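# Structural overview
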Amino acid sequence: MKLPREKRVEQAVVAPPPEAAQRVEGGGPWGPTQFDLPERSGSNSQTILIVSLVGVLVLLVLAGLWTFTYFQLG
């Protein structure tokens, strides 16, 4: 059984605010977003170092907890 397709009228659901026309920088007509990319000339080495250290710290805590429970229950 085939049903006929419904035709939908296209309409704009949302539009940027009127003051967005004057904005030049900051992620487009809606303003800055959390996904704005850093400058190409910038260096991310400090961010990479911090994230790596936090990851190693989390792994050490997990290993310590696993070792503690292993010797307590074993």
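Computed from a predicted model, the values in this text were never measured in an experiment. (Residues numbered from 1 in each chain as written. Predicted model: local features only at pLDDT ≥ 70, side-chain atom pairs only at ≥ 80, totals over all residues. Heavy atoms only, no water.)

Each helix and strand in the protein chain was counted, giving 1 helix and 0 strands. Scored against the burial criterion, the 74 residues of the protein chain give a buried share of 3%. Surface summary for the protein chain: the accessible area is close to 8000 Å², and the carbon and sulfur share equals 63%. (Helix = DSSP H or I, 4+ residues; strand = E, 2+ residues; numbered from the N terminus. Buried < 20%, exposed > 50% of the residue type's maximum accessible area, 1.4 Å probe, protein only. Areas by Shrake-Rupley, 256 points an atom, 1.4 Å probe, with all protein chains shown as cover.)

With that out of the way, let us pick up a nonpolar patch on the surface. Side chains of I50, V54, L57, V58, L59, V61, L62 and L65 sit close together on the surface and give an oily, nonpolar patch of about 760 Å² of accessible area. The partly exposed category is assigned to I50, whose relative accessible area is 46%. (Patch = residues over 30% accessible without salt bridge, like charges linked within 9 Å, V, L, I, M, F, W, Y side chains within 5 Å. Salt bridge = Lys/Arg side-chain N within 4 Å of Asp/Glu carboxyl O.)

A full pass over the atoms with the stated rule returns 2 aromatic pairs. Note on W66 and Y70: the rings are 5.2 Å apart at their centroids and 15° apart in plane angle, and the pair reads as stacked. Of the two residues, W66 and Y70 are both situated in helix α1 (residues 45–73); the distance of 4 residues between them amounts to about one turn of the helix. Given the relative accessible area of 56%, W66 is considered exposed. (Phe/Tyr/Trp six-rings, centres within 6.5 Å; stacked < 30°, edge-to-face > 60°.)

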